[in-house]
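# Examination of the molecular architecture
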Amino acid sequence: MNNNANESRIIQLTEFGDERGLLTVVEGSNTIPFEIKRVFYIYGTANGVNRGLHAHYKTRQLLVSVSGSCTISLDDTKRKKEVVLDSPSKALLLEPNDWHEMYNFTPDCVLLVLASHLYDSEDYIRDYSKFVEVYG
Ligand code: TYD
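Before going into details, it helps to say that this report is about the structure given with it. Remember, it's a predicted structure, so these values are computed and weren't measured experimentally. Per chain, residues are indexed from 1 in the order of the written sequence. Given that the model is predicted, a residue must reach a pLDDT of at least 70 before its local features are reported, and side-chain atom pairs must reach 80 or more before they are shown or counted; all residues, however, enter totals for whole chains, interfaces and linings. Remark: hydrogens and water are excluded; side-chain values derive from all non-hydrogen atoms of the structure.

## Points about the sheet that holds strand 8 (residues 80-85)
Pairing between strands is defined by DSSP: at least two bridges between them are needed. Helix and strand labels come from DSSP, where a helix needs a run of H or I of at least four residues and a strand needs a run of E of at least two; each type is numbered from the N terminus. Pairing is antiparallel across the open sheet formed by five strands, whose spatial order is 8-7-10-5-12. A strand with exactly one partner marks an edge of an open sheet, and here the two such strands are strand 8 and strand 12 (124-125). Two strands pair when backbone bridges link them, and strand 5 (residues 51-56) and strand 12 are joined in this way by two bridges, in the antiparallel orientation. Across the sheet, residue His56 finds its bridge partner in strand 12, namely Tyr124.

## With respect to the site of the ligand
Residues in contact with the ligand, as listed here, are Arg38, Phe40, Arg51, Gly52, His54, Tyr119, Tyr124 and Arg126. Pairs of N or O atoms within 3.5 Å make up the polar contacts considered here, provided that, within protein, one atom can donate a hydrogen while the other can accept it, and that residues adjacent in sequence are counted only when both atoms are side-chain atoms. Between Arg126 and the ligand, the recorded distance is 2.8 Å, taken from a side-chain N or O atom to an oxygen atom. Surface exposure here means Shrake-Rupley accessible area, sampled with a 1.4 Å probe, where a residue is shielded only by the protein chains that are shown. When isolated, the ligand has an accessible area of 530 Å², and the protein chains bury 58% of it. Elements supplying a minimum of two residues to the shell around the ligand: strand 4 (38-43) and strand 5. With three residues, the single largest contributor to the shell around the ligand is strand 5. When grouped by side-chain class, the residues that make up the shell around the ligand number three nonpolar, two polar and three charged. Residues are labelled near a given molecule or strand when at least one of their non-hydrogen atoms is within 4 Å of it. Nonpolar residues are Ala, Val, Leu, Ile, Met, Phe, Trp, Tyr, Cys and Pro. Charged residues are Asp, Glu, Lys and Arg, and all others, Gly as well, are polar.

## Here's the deal with the nonpolar core
Ranked by size, the top nonpolar core spans 14 residues in total, and within it Leu63, Ile72, Leu85, Leu92, Phe105 and Leu111 carry the most contacts. Sorting the residues of this core by element identifies strand 7 (70-75), strand 8, strand 9 (90-94) and strand 11 (110-115) as the ones contributing at least two each. In terms of residue count, the dominant contributor to this core is strand 7 (three residues). Residue contacts are defined here by distance: any two heavy atoms, one from each residue, within 4.5 Å place the two residues in contact. Discounting residues that sit within four places of it in the chain, Phe105 has contacts with Ile42, Thr45, Val49, Arg51, Ser69, Cys70 and Leu111. Ranked by size, the runner-up nonpolar core spans nine residues in total, among them Ile11, Ile32, Phe34 and Ala91. As used here, the term nonpolar core means buried Ala, Val, Leu, Ile, Met, Phe, Trp, Tyr and Cys residues forming a set that is joined through side-chain atoms within 4.5 Å. Throughout this description, buried means an accessible area under 20% of the type-specific maximum (1.4 Å probe, protein chains only), exposed means over 50%, and partly exposed covers the range between.

## A closer look at the layout of surface pockets
Cavities and pockets are defined on a 1 Å grid built over the protein atoms alone: a cavity is a set of grid points where a 1.4 Å probe fits but cannot escape, while a pocket is an open set with protein on both sides within 12 Å along at least five of seven lines, and lining residues are those with an atom within 4 Å of any such point. Grid points are joined across faces, edges and corners, and a volume is the space filled by probe spheres set on the points. Taken as a whole, the largest pocket holds about 160 Å³ of empty space. As for the largest pocket, its lining consists of 13 residues, and the residues nearest its centre are Phe40, Ile42, Gly52, His54 and Met102. Of all the secondary structure elements, the ones that give two or more residues to the lining of the largest pocket are strand 4, strand 5, strand 6 (61-67) and strand 10 (99-103). If you tally residues by element for the lining of the largest pocket, the top one is strand 5, at four residues.

## Regarding unusual backbone geometry
The backbone phi angle of Leu53 is positive, close to 60 degrees, even though this residue is not glycine. Looking at the secondary structure, you find Leu53 in strand 5. Here the phi dihedral of Asn104 falls at roughly 55 degrees; this positive angle occurs in a residue that is not glycine. Locating Asn104 in the fold gives a position in the loop between strand 10 and strand 11. When its relative accessible area of 53% is taken as the criterion, Asn104 is described as exposed.

Encoded structure:
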């Protein structure tokens, strides 16, 4: 998996559709390059709020806006990239060294996050200069 923020890490998830509607599956290592240990979702985000603003030491994540849309900026210390998540079948893979920020949440946005590790506050890098020291 390329670890460069300028390379697209959008994963197009398969939509199973019929006259009843649509269904999309994320199935552990069959769909994404890690086993899912944790699931959380961000919703009811107030207007103008930016979330994230951190990187990780170990945690890899897959982000899907299952309702509404939001924008994610990625920074790997060398390149910056913006991705709009606006479809339940469009997933963004975040590597540990992606400093990320989420914004432009629509009021109906539900941002689903699948993570490779259990929650550990020690796995967060929240200081940008520390991030550059570790990954620059
Ligand atoms: P926070 O890290 O502030 O979210 P973000 O920086 O991505 O916008 O998380 C908000 C709160 O939720 C914080 O008190 C930590 C807690 N939390 C957990 O307990 N477990 C988790 O898996 C996550 C992602 C957050």
